[in-house]
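# Commentary on secondary and tertiary structure
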Amino acid sequence: MKVENLAACPTVDVEDDRTGLSIETLRRALADNLFYVQGKYPGTATKNDYYMALAYTVRDRLLQRWLATREAYDKQDVRIVCYLSAEFLLGPHLGNNLVNLDIYEPIQRALTESGLDLDELIAQEEEPGLGNGGLGRLAACYMESLASLEIPAIGYGIRYEFGIFDQEIRDGWQVEITDKWLQYGNPWEILQADIAVEVKFGGHTEFYANDQGEQCVRWLPNYTLKGIPYDTPILGYHVNTANTLRLWKAEASESFDFQRFNQGDYYGAVDDKTAAENLTKVLYPNDEQVQGKELRLQQQYFFVSCSLQDMIRIHLAEGNRLETFHEKFAAQLNDTHPAVGVAELMRLLVDEHAMPWNTAWYVTQRTFAYTNHTLLPEALEKWSLSLFGRLLPRHLEIIYEINQRFLEQVRQQFPNDVGRIAALSLIDESGERYVRMANLASVGSYAINGVAALHSELVKSTVLREFHELWPTKITNVTNGVTPRRWMVLSNPQLADLITSKIGHSWVRQLGELRQLEAYVNDAEFCAAWQQVKLANKQQLAQRILNLTGIEVDPTSMFDIQVKRIHEYKRQHLNVLHIITLYNRIKENPAQEIVPRTFIFGGKAAPGYFLAKLMIKLITSVGEVVNNDADVAGRLKVVFLPDYNVTNSQPVYPAADLSEQISTAGKEASGTGNMKFSMNGALTIGTLDGANVEIREEVGEENFFLFGLTVDEVMALKAQGYRPNEYCDRNPNLQKIIHQLSSGVFSRGDQNLFMPLVDNLLYQDPYLLCADYQAYVDCQDQVSQAYAETDRWTHMSILNTARMGKFSSDRSIRDYGETIWQVQPVPLTLKDYVQADAGLRVDQSWV
């Protein structure tokens, strides 16, 4: 990296180094940050030093907007959305902030003139390890859209020191490596140690009489931790609004025990600090063991308590009464992970602020709204009473009280309905007793929403059926969306530029304007340009695949991609059954014509999920055979991309020809990868599951490859007694594949390796692969036929992108704002809040 010119940048003070955007100012700011913040000069600086200097240069231009945003909210006494989520899968900040600040080109020029490469520095950034899947990525999209729509918001979560894990593939198996994303520092966060809060755990409660002689409850904890907030500005696209993501780190109340140190117990002197910090060390530990579950509950309560205390502090500092707390804040529970917040807000209002129960319950129910993200029973959180009571004794008492009052209301409406009472109760009384977090969230919220039209209807008819019958208007739908800024403008700049050349740039903020592309679907020049962009993206991904895996793939082949968390219900193994089907066809007739395909997989399996990890081994083992068979002659390639995350996904979506969305109908809540693929011109093969239903409606059924059982057919088949082995017996191709898997054809002769998967398919098959297999293979044949017709495929690709306006996260946030949160945008003009000489007056309630 050539950097001699960096020190030679101009020193003339033509504009403010912290906010100026001229090339000379940017170069000077970069040099200053390298010297004064990193403590380096070009002769000693590493690539990471240059990245950090650039990040601070960009952050300086963010902070002006961030502080002005907070002051504006204070002056105007606005209603604020508080998005409570255990995950925020943000992705790297640098590139996204350059796009949203609209300074990508000047920064690139300044770096080039200083002998630096922007792409290299962007690649240097460690991805924040703050999430592990779609729920966390959705939260990140929503935070960006909230800022882009200028809606006041605070995101609240946990500052995990280590992410879920980095994934390596060794001999075809997933190996988990510690994700040390913070080891070189995080230039985007700002420590706010002066507004730390205390969080209690364990102990017991006792009654006491207050000064008015009223009976009250006091919680006497076993130990208390400190919650330390770290703020990250989240900037909107081409606006001055920068909202706050506030993440909490756990620390001991006292970091050093001098008494133990003086007694010679040197390690024991810091035991409390070590134990406390373990709470926010790692994202979502393996929760198969009791200890893992305990830590997860601790994490959830910790960040919720910190966040609610912070919200109360802000509210009181602005001179408001707690009786109006729900008018100031709309707190969205992103799934059940923050649901303990219902009990915690009650505790804070009743115990800490002496509010009468009925008033506190009125405030609490009107503060929270709850998003349900799952239809899988195992994903509906519940906690044993013994564990919950040991960690949070006061909250268990509060939940009992809420439950008693709630069930009395139910009995009045549905007398003598024992089954309904059992279903609605916050306590699961069957077998070992549990606290049901979805029920707590449902009772303690004023609104409940699903995340796709189909999902919301299934929520009403299955997992929350009794709540829907009790409150028919409470459950609504807000279909998920993704931000086009990261998933098109940043990750697919060539396509974004092509689109802008035809319809202008306002589509980035109003994605529905993509419909204008339909006018060019028969324009030969535009179609040729569309094909060239896709080919260039595939060439880039092909090079990346070669660098990461050593596998050489043909960019002109169909890129058939399935990237998502590895799970049986997402059915990556159904995809593998199709690969083996094509392989067998070639082996039976090596000379036959076949549409070349590159099958690309990516995703992480939970460390304790044996079958999911075995599915990764299956993919890589089939690839080992197929990729090296002379009869195949390169017409089929199978690739598993390691360590799938936001960074590694950004080159994937633009390069996809076919998007695999093949979950069993009724199992996927929504999906967001399906949206990212279609936005970037990929065609979808999928079931009528999650948001696939709405995507198909928008793009047109003729531009979507549909197969598989419907939700009703799945339920009917299971009700009548599903026997997967019978499907196998009736299908010679499937029967042959099962034999190959069990005889060692794809496992170097090891006949036992894949037997757990084979036995699962033949005798259980909970996700109906055998029932959907033939329909999937037949549909894939239709895909091959369409891909062979280049013009037809291109038309379908353009229409997929053109009709994806509904699936912007901007539309999702507008829906939330209008139907659930009742919030309004607060446009911000910097000159209204920033004085060149005096600077900003910062409201102390926020700092």
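Residues numbered from 1 in each chain as written. Predicted model: local features only at pLDDT ≥ 70, side-chain atom pairs only at ≥ 80, totals over all residues. Heavy atoms only, no water.

Rule in force here: UniProt positions are given in the numbering used here, feature names are shortened, and annotations may be inferred rather than shown by experiment.
In the annotation of an unreviewed UniProt entry, the chain is listed under the name Alpha-1,4 glucan phosphorylase and assigned to Adonisia turfae CCMR0081. Per UniProt, the chain carries the Sequence similarities (unreviewed entry) text "Belongs to the glycogen phosphorylase family." Turning to the chain, the UniProt annotation filed under Cofactor (unreviewed entry) states: "pyridoxal 5'-phosphate".

## Observations regarding the sheet that holds strand β13 (residues 382–384)
Convention followed: Strand pairing is assigned whenever DSSP detects at least two bridges linking the two strands. The secondary structure listing takes helices from DSSP runs of H or I that are at least 4 residues long and strands from runs of E that are at least 2 residues long, numbered from the N terminus.
Taken in spatial order, the 3 strands of this open sheet run β13-β15-β14, and their pairing is antiparallel. Among the strands making up the open sheet, the edge pair consists of β13 and β14 (427–428). As defined by bridge partners, β13 adjoins strand β15 (residues 434–436) across 3 bridges and the pair is classed as antiparallel. Residue S384 lies in a different strand from β15, and its bridge partner there is Y434.

## Quick word on empty space enclosed by the protein
Empty space among the atoms can be located by rolling a probe the size of a water molecule over them. Spelled out, the test is: Points on a 1 Å grid over protein atoms alone make up a cavity when a 1.4 Å probe fits among them but cannot get out, and a pocket when they form an open set with protein on both sides within 12 Å along at least five of seven lines; lining residues each have an atom within 4 Å of a point. Grid points are joined across faces, edges and corners, and a volume is the space filled by probe spheres set on the points. In this classification, the charged set is Asp, Glu, Lys and Arg, the nonpolar set is Ala, Val, Leu, Ile, Met, Phe, Trp, Tyr, Cys and Pro, and all remaining amino acids, among them Gly, are polar.
Scanning the entire structure with this criterion turns up 7 cavities of 30 Å³ or more. The calculated volume of the largest cavity comes to roughly 160 Å³. The wall of the largest cavity is formed by 15 residues, among which L90, N96, E144, I234 and R486 lie closest to the centre. Put simply, the parts of the chain that give the lining of the largest cavity at least two residues each are α3 (94–101), α6 (134–148) and β9 (223–235). In terms of residue class, the lining of the largest cavity is built from 6 nonpolar, 6 polar and 3 charged.

## Brief notes about helix α21 (residues 524–549)
Applied cut-off: In this scheme, a helix's expected span is set at 1.5 Å multiplied by one less than its residue total. Categorising residues by exposure relies on relative accessible area from a 1.4 Å probe, with only protein chains included: less than 20% of the type maximum marks a residue as buried, more than 50% marks it as exposed, and the intermediate range marks it as partly exposed. Counting of polar contacts relies on pairs of N or O atoms within 3.5 Å, with two restrictions inside protein: one atom must be capable of donating a hydrogen and the other of accepting it, and residues adjacent in sequence are counted only when both atoms are side-chain atoms.
Here α21 is 26 residues long and its end C-alpha atoms lie 37 Å apart, about the 38 Å a rise of 1.5 Å per residue gives. Of the positions making up α21, those classed as buried are F526, C527, W530, V533, K534, A536, N537, K538, L541, A542 and I545. Near the N-terminus of α21, the side chain that reaches the backbone nitrogen of E525, with its oxygen 3.0 Å away, is that of D523. Following α21 by one or two positions, G550 has its phi on the positive side, about 80 degrees.

## As for the side chain of E150
To be explicit about the condition: Think of it this way: Lys and Arg go in the positive column, Asp and Glu in the negative one, and His and the chain ends go nowhere. Here, a salt bridge means any side-chain nitrogen of Lys or Arg that lies within 4 Å of a carboxyl oxygen of Asp or Glu. Contacts: residue pairs with any heavy atoms within 4.5 Å of one another.
Turning to its location among the elements, E150 is positioned in the loop between α6 and β2 (153–158). Buried charged residue E150 carries no salt bridge. Nearest counter-charge: R509, at 5.1 Å. Aside from chain neighbours lying at most four places away, what touches E150 is V239, T241, Q824, P825, V826, P827 and L828.

## Things to note about the sheet that holds strand β22 (residues 683–686)
Short version of the rule: Axes here refer to lines fitted to C-alpha atoms; in helices the fit is confined to the stretch in contact. Angles between the N-to-C directions go from 0 to 180 degrees.
An order of β20-β19-β18-β21-β22-β23 is seen for the 6 strands of this open sheet, with the pairing classed as parallel. Lying at the two open borders of the sheet, with one neighbouring strand each, are β20 (636–641) and β23 (705–706). Judged from the 6 bridges that link them, strand β19 (residues 597–602) and β20 form a sheet pairing that is parallel. Bridged to T598 within β20 is K637. The strands that α21 touches are β18 (558–563), β19 and β20; relative to β20, the one it contacts most, it runs at about 70 degrees. On the sheet, helix α33 (residues 790–802) packs against β21 (658–661), β22 and β23 and is oriented at approximately 85 degrees with respect to β22.

## Observations regarding the packing of helix α1 (residues 23–37) against helix α4 (residues 104–113)
Definition in use: Handedness of a crossing follows from how the near helix is turned relative to the far one, being left-handed for an anticlockwise turn of less than a right angle and right-handed for a clockwise one.
The N-to-C vectors of α1 and α4 enclose an angle of 65 degrees; their axes lie 9 Å apart at closest approach. Judged by the sense of rotation from one axis to the other, the crossing of α1 with α4 is right-handed. Contacts between α1 and α4 involve I23, L26, R27 and L30 on the former and, on the latter, P106, I107, R109, A110, L111 and E113. Here the residues of the contact of α1 with α4 sort into 7 nonpolar, no polar and 3 charged.

## With respect to a nonpolar patch on the surface
Defined as follows: Patch building starts from residues that exceed 30% relative accessible area and form no salt bridge, then joins like charges within 9 Å and nonpolar side chains (Val, Leu, Ile, Met, Phe, Trp, Tyr) within 5 Å. For the accessible areas, the method is Shrake-Rupley and the probe is 1.4 Å, while residue cover comes only from the protein chains on display.
Together, F35, Y36, V37 and Y41 make up an exposed nonpolar region whose accessible area comes to about 480 Å². With respect to the helices, strands and loops of the structure, Y41 is situated in the loop between α1 and α2 (47–76).

## Topic: the domain arrangement of the chain
Under the convention used in this document: An automatic or database domain assignment is the source of the domain bounds shown.
Looking at the assigned domains, one finds that the chain contains domain 1 (22–76 + 93–126) and domain 2 (556–801). Each of domain 1 and domain 2 was reduced to a C-alpha centroid, and the two centroids are 42 Å apart.

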